[in-house]
Amino acid sequence: MGKGIKNNKKAGKIAVFLLLVLSSIVFLSPIFIVLINSFKGKFYISETPFQLPDNKTFVGFDNYISGLEKTKFLHAAGWSLFITLSSVAVILLFTSMTAWFITRVKNKLNSMLYYIFTLSMIVPFQMVMFTMTKMANVLHLDNPIGIIAIYLGFGTGLSVFMFSGFVKSIPIELEEASMIDGCNPFKTFFLVVMPVLKPITVTVAILNCMWIWNDYLLPYLLIGMDYKTIPIAIQYLKGGYGSIDMGAMMAMLVLAIIPIVIFYITCQKYIIEGVVAGAIKG
């Protein structure tokens, strides 16, 4: 009987492994298709999208060279990098401080603020995008600096929620001891609390980086052609009458994916660590 149980467990593990492999193939296949098509001539992509490049369809790095020239990709990447890094840094700083304050200072106002931040996550962007665009124009936020404040507003809900869950797991005795030693609230936060928040900080940073780096609609509405980010630059490969340079577009999509994939793979272990720690201990 014991042997039968072991066999069942082994069979279950194999089934789970195969299921995970199948899921990985399903999720990775679109990226692989984009990659192989980035080396094909643009006229062959629609005809044979799922075939590997051969002597007839292979064009080397011509699509990459063409895409870089047409989209001014490096210029767009510079704006994307600036907006992403600046926005994520601002989100991490302000939301971590906010979460620490509303978690440690117990009163009705802070409880109400926490629920407001949480409920803001359920409001679709499409409901506020027209009024937001108008207000951004009135307040002169329709520029690379102003859009950082807009991203802070939209990123606050999830970030405060995740930081708050993790702060609850930190023993308050650490903060009390630091204050006894003469630390003011700012020193307590930056010297004691912030280092402990590292796992959830990396988690929040990864989630916001992927969102802001790949975002198309908000930069398009606010800064448009003046300061093109990568998604906007790639979109303008679409010409008149619906014509699209598919080869160049595939190549630029590959270049756009590479930085965020590398960043995610490097830091992925912190996602589970941060989420689980906040969920279980909080």
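Structure report, in brief. (Residues numbered from 1 in each chain as written. Predicted model: local features only at pLDDT ≥ 70, side-chain atom pairs only at ≥ 80, totals over all residues. Heavy atoms only, no water.)

Some details on the layout of surface pockets
And step 1. Quantified by volume, the largest pocket comes out at close to 550 Å³.
And step 2. Every residue lining the largest pocket is counted, 23 residues in all, and those nearest its centre are Ser 120, Gly 153, Phe 154, Gly 155 and Trp 211.
And step 3. When contributions to the lining of the largest pocket are tallied by element, the ones reaching two or more residues are α5 (108-119), α6 (125-138), α7 (146-167) and α10 (198-214).
And step 4. Tallying contributions element by element places α7 first for the lining of the largest pocket, with 10 residues.
And step 5. Looking at the lining of the largest pocket, its residues break down into 15 nonpolar, seven polar and one charged. (1 Å grid on protein atoms, 1.4 Å probe; cavity = no way out; pocket = protein on both sides within 12 Å on 5 of 7 lines; lining within 4 Å. Points joined across faces, edges and corners; volume = space filled by probe spheres on them. Helix = DSSP H or I, 4+ residues; strand = E, 2+ residues; numbered from the N terminus. Nonpolar A, V, L, I, M, F, W, Y, C, P; charged D, E, K, R; others polar.)

Remarks on the packing of helix α4 (residues 73-104) against α7
And step 1. The contact between α4 and α7 brings their axes to 7 Å, and the two run at 45°. The orientation of α4 with respect to α7, classified from their angle, is oblique. Two packed elements cross with a definite hand, and for α4 against α7 that hand is right-handed. (Axes fitted to C-alpha atoms, helices over the stretch in contact; angles between N-to-C directions. Parallel < 35°, antiparallel > 145°, perpendicular 65-115°, else oblique. Left-handed = near helix turned anticlockwise from the far one by under 90°.)

What about the nonpolar core?
The tendency in soluble globular proteins is for nonpolar side chains to be buried as a group.
And step 1. Within the largest apolar cluster, 53 residues are counted, with the highest numbers of intra-cluster contacts made by Ile 147, Phe 163, Leu 197, Ile 200, Leu 218, Leu 222 and Ile 230.
And step 2. Elements that contribute at least two residues to this core include exactly α4, α6, α7, α9 (185-196), α10, α11 (217-222), α12 (230-235) and α13 (246-281).
And step 3. When residues of this core are assigned to their parent elements, the largest contribution, 10 residues, is made by α4.
And step 4. Leaving out residues up to four positions away in the same chain, Ile 147 has contacts with Ile 83, Leu 141, Leu 218, Pro 219, Leu 222 and Ile 223. (Core = buried A, V, L, I, M, F, W, Y, C linked by side-chain atoms within 4.5 Å. Buried < 20%, exposed > 50% of the residue type's maximum accessible area, 1.4 Å probe, protein only. Contact = heavy atoms within 4.5 Å.)

Section: unusual backbone geometry
And step 1. A positive phi is found at Lys 72, a non-glycine position, where the angle reads about 50°.
And step 2. Looking at where Lys 72 falls in the secondary structure, it is placed in the loop between α3 (62-71) and α4.
And step 3. Residue classification places Lys 72 among the exposed positions, given a relative accessible area of 60%.

Some details on α3
And step 1. Turning to α3, its buried residues number three or more, namely Asn 63, Tyr 64, Gly 67 and Thr 71. Seen from one end, α3 has its buried residues packed into an arc of 95°, which puts them on one side. (Arc of directions from axis to C-beta.)

Re the packing of aromatic side chains
And step 1. Enumeration over the complete set of coordinates arrives at 12 aromatic pairs.
And step 2. Ring geometry for Phe 189 and Phe 190: centres 5.1 Å apart, planes at 85°, overall edge-to-face.
And step 3. In this structure Phe 190 comes out as partly exposed when scored by relative accessible area, which is 39%.
And step 4. In this structure an aromatic cluster arises from ring pairing among Phe 39, Phe 58, Phe 61 and Tyr 64. (Phe/Tyr/Trp six-rings, centres within 6.5 Å; stacked < 30°, edge-to-face > 60°.)

Observations regarding a nonpolar patch on the surface
And step 1. Judged by side-chain polarity, Tyr 115, Leu 119, Met 121, Ile 122, Val 123, Met 127, Leu 158 and Phe 161 come together as a nonpolar surface patch covering roughly 840 Å² of accessible area.
And step 2. Elements supplying a minimum of two residues to the nonpolar patch: α5 and α7.
And step 3. Residue placement: Phe 161 occurs in helix α7.
And step 4. According to the relative accessible area criterion, Phe 161 is partly exposed, its value standing at 37%. (Patch = residues over 30% accessible without salt bridge, like charges linked within 9 Å, V, L, I, M, F, W, Y side chains within 5 Å. Areas by Shrake-Rupley, 256 points an atom, 1.4 Å probe, with all protein chains shown as cover. Salt bridge = Lys/Arg side-chain N within 4 Å of Asp/Glu carboxyl O.)

With respect to the packing of α9 against α10
Two quantities define a packed helix pair, namely the angle between the helix axes and the distance between the axes.
And step 1. Remark: α9 packs on α10, axes separated minimally by 5 Å, with the N-to-C direction vectors making an angle of 70°. Between α9 and α10, the interaxial angle falls into the category roughly perpendicular. Of the residues in α10, those in contact with Met 194, Pro 195 and Val 196 of α9 are Lys 198, Pro 199 and Thr 201.
And step 2. Residues that form the contact of α9 with α10 fall into these classes: four nonpolar, one polar and one charged.

That's the geometry; what it means functionally is another story.
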